[in-house]
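Residue-level listing of the chains:
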Amino acid sequence: MVDKETSTDPPRIFIVEDETIIAIQLKRLLIHQNYDVVGIASRGEDAIQEVWEKRPDLILVDIKLAGELDGIETAARIRERFDTPIVYLSAHPEQMITEMVKHTQPAGFLSKPLRDQELLVTIETALYKHRMEAKLRESEMLLAHSQQIAHVGSWMLDVATDRLTWSDETYRIFGLEPQEFTVTYEAFLDAVHPEDRAAVDAVYSRSLREGEDGYDIEHRIVHRQSGETRHVYEKCVHERNESGEIFRSIGIVQDITERKRAEQALRESEEKHRRLTENITDVVWTADLDFNITYVSPSIQRLTGDTVEKYLERTPEEKHPPSSIALFLQAFNEEIQRENEPGVDKNRSRILEVEHYIHTGETIWISIHLSFIRDTHGAITGIQGVTRDITERKQAEERLAEERKRLNFIMEATRTHFDILDTDFNLHYVDSAWQKIYGDPEGRKCYEYFMGLDAPCPGCGVPMALETEEIVVSEEFLPKENRNIEVHTIPFQNAEGEWMVAEFNIDITERKRAEQALKHRMAQLTALGQAAQAVTASLDLDEVLTQVISLARDVAASDYISVALVENGGRMTQ
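Residues numbered from 1 in each chain as written. Predicted model: local features only at pLDDT ≥ 70, side-chain atom pairs only at ≥ 80, totals over all residues. Heavy atoms only, no water.

(A) Local environment of the side chain of S324. Mapped onto the fold, S324 is located in helix α13 (residues 322–338). Note on S324: relative accessible area 6%, which makes it buried. A distance of 2.9 Å separates the side chain of S324 from the backbone nitrogen of E355, its partner in a polar contact. In this structure, S324 is in contact with V354 and E355, ignoring residues within four places of it in sequence. (Helix = DSSP H or I, 4+ residues; strand = E, 2+ residues; numbered from the N terminus. Buried < 20%, exposed > 50% of the residue type's maximum accessible area, 1.4 Å probe, protein only. Polar contact = N/O pair within 3.5 Å; in protein donor to acceptor, adjacent residues only side chain to side chain. Contact = heavy atoms within 4.5 Å.)

(B) Layout of α13. Given a rise of 1.5 Å per residue, 17 residues ought to cover 24 Å, and the 24 Å separating the end C-alpha atoms of α13 matches this to within 8%. Burial in α13 covers these residues: S324, I325, F328, A331, F332 and E335. The buried residues of α13 occupy one face: seen down the axis, they fall within an arc of 130 degrees. Residues of α13 that are exposed and angled more than 90 degrees away from the buried face: P322, S323 and Q337. (Expected span 1.5 Å × (residues − 1). Arc of directions from axis to C-beta.)

(C) The packing of aromatic side chains, seen in detail. Scanning the model with the defined rule gives 19 aromatic pairs in all. When the ring of Y185 is compared with that of F188, the centres are 6.0 Å apart and the planes differ by 45 degrees; the resulting orientation is tilted. Of this pair, Y185 and F188 both sit in helix α7 (residues 185–191), three residues apart, which is roughly one turn of the helix. Note on accessibility: Y185 and F188 belong to one class, buried. Ring geometry for F291 versus F328: centroids 5.4 Å apart, planes at 80 degrees, classification edge-to-face. Taken together, the residues span a long stretch of sequence, with F291 in the loop between β11 (282–287) and β12 (293–296) and F328 in helix α13 at a distance of 37 residues. On the accessibility criterion, F328 (17% relative accessible area) is buried. Through a chain of ring-to-ring contacts, the aromatic side chains of W166, Y171, F174, Y185, F188, Y204 and Y215 assemble into a single cluster. The ring of W52 carries the charged tip of R55 above its face, separated from the ring centre by 4.7 Å. One cation-aromatic arrangement involves K394 over W365; the distance from NZ or CZ to the ring centre is 4.4 Å. (Phe/Tyr/Trp six-rings, centres within 6.5 Å; stacked < 30°, edge-to-face > 60°. Lys NZ or Arg CZ within 6 Å of the ring centre and 35° of its normal.)

(D) Representation of the sheet that holds strand β2 (residues 36–41) in the model. Strand order in the open sheet formed by five strands is β2-β1-β3-β4-β5, with parallel pairing between adjacent strands. Edge positions in the sheet fall to β2 and β5 (108–111), since each of these pairs with one other strand and no more. Direction aside, the axes of adjacent strands within the sheet are offset by 20 degrees on average. Relative to β5, strand β4 (residues 86–90) runs parallel, the two sharing four bridges. Bridging from a neighbouring strand, L89 pairs with L110 of β5. (Pairing = 2+ DSSP bridges. Axes fitted to C-alpha atoms, helices over the stretch in contact; angles between N-to-C directions.)

(E) Broad picture of the sheet that holds strand β8 (residues 214–222). Taking strand neighbours across the sheet as the criterion, the five strands line up as β7-β6-β10-β9-β8 in an open arrangement whose pairing is antiparallel. Each of the sheet's edge strands pairs with one partner strand only, and the pair in question is β7 (163–166) and β8. Each neighbouring strand pair of the sheet contributes to a mean axis angle of 20 degrees, computed without reference to strand direction. Sheet analysis places strand β9 (residues 229–240) next to strand β10 (residues 246–255), joined by nine bridges and oriented antiparallel. If you follow K235 over to β10, its bridge partner there is I252. Against the sheet, helix α8 (residues 194–209) makes contact with β6 (152–158), β8, β9 and β10, and its axis sits at roughly 160 degrees relative to β8, the strand it touches most. Against the sheet, helix α9 (residues 257–268) makes contact with β8, β9 and β10, and its axis sits at roughly 125 degrees relative to β9, the strand it touches most.

(F) Quick peek at the nonpolar core. Ranked by internal contacts, the top residues of the largest apolar core, which has 24 residues, are W155, L164, W166, F174, F188 and Y215. Broken down by secondary-structure element, the contributors of at least two residues to this core are β6, β7, α6 (168–173), α7, α8, β8 and β9. Among the elements that line this core, the one with the most residues is α7, at five residues. If near-sequence neighbours (up to four positions away) are discounted, W155 is found in contact with L164, T165, W166, Y215, E234, C236, S249, I250, G251, I252 and V253. (Core = buried A, V, L, I, M, F, W, Y, C linked by side-chain atoms within 4.5 Å.)

(G) The arrangement of the side chain of T489 in detail. As for its placement among the helices and strands, T489 is situated in strand β19 (residues 483–493). Residue T489 is classed as buried on the basis of its relative accessible area, which comes to 0%. When residues no more than four places from it in sequence are discounted, the contact partners of T489 are G461, V462, A465, E470, I471, V472, V501, A502 and E503.

Shown next, in the form of structure tokens:
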């Protein structure tokens, strides 16, 4: 039952149950299914203390307990301190539909007497959803930090509805409080500098009209709070539907005011979660070996809208799309073939995720926990399954994928990269663009991977970030790419409570070059001025003129230099 692909250690389960026989039965069942039962408590007071010490991954709580605290109050106190999924147990289902129960944000409900398969599926679903929610929160946090640190905002425009959405950092760039008002395309144009407004509108309109893949542009804006003129870089890509028509525009906006100021100085002297699990409704069914449903529980009506009688009349083709039927047949044939393997587990089960039609003709996503029905001799006589609606989970996965897509787009557009490492400098993640340059990061230290060093870089921000638990900003030079980066080291705790750091790496090569060029130019001008002053202190006019002309050639980058001598009265003598 435990997902071997996503966990190296068995999930840790804690049981809060005052009926000793039920608690022992639960423990035996869970251990048999490769879960680690880390403790059992019959009183809420004891459970709170043991959860603090043992930190389980999931807690089974009976609503009615011995002692002063009932299961609901026990769960509430645990949830105040830990983000641990809780599944309620009760012999009275009506106890589970109360405001107090909902306040504790349960991951599931089970009615006594407990059914083994329903218990196992509920536990595995609760653990999976908890992991998904943690990953989604982490992704959203990384996206928000990356946008804020890089001063990069993102936006999305629905072409059909003209609905425009901004990230929090986009609001900040334009001098507005995040989500201060519902932004529109017209409001965006109003924030563009009057002299650039027509050009910005024209480049976007032309890209739609001519069916271009996107555009990029630099323009000025008027900061709402300060009134100052600032410079931004915008990049947009258009998404198309199956007919090839543009239906959505996605873009980024980056504040490049500092870069513009550096360029100007050189010419003259540089972005929640989620909804919690609601009451879980499962469907139990059996079928013969020709896939004819022989029994289905009444909860099928809540899942599909069909009565039991209507559902039993439907053919497999009326219940599932062809791709789902093919997946089911493939799994069935594989399990039949496994029957002849030596030592095969006759009590094994398998989980499939497929689509299912509902009474409106629409499809939903379901997970099916399948196993064989056997006679007393172990021969297969049928199939039994537990079906659960996982549509919301699939939508959460799509949202997570969309967040990752937006994050990758922002990083690629701005040459911003990020990596994640642990307290021992071991790399856990490197974005795909960097992997193309540096290779597979598996099993490598960050300083060896990026710098080719045997020890942490001098001035590395990781130790200080972990010590202070605050963001540390430093600068590094990447020898393999020959460019400078500004490193924002952000400490955070992962879903298991382990300290990690995320490093956002912003390209500052152009800024550094501008600063160096400005510094060099100023040094040349200073030297030239000093040489000119020497005219009044030297009697060897030819030597002084030679020195002045040489310095003037370096500054002007020319071989043709004219020198004039002027008297106090302004008359040129030579």
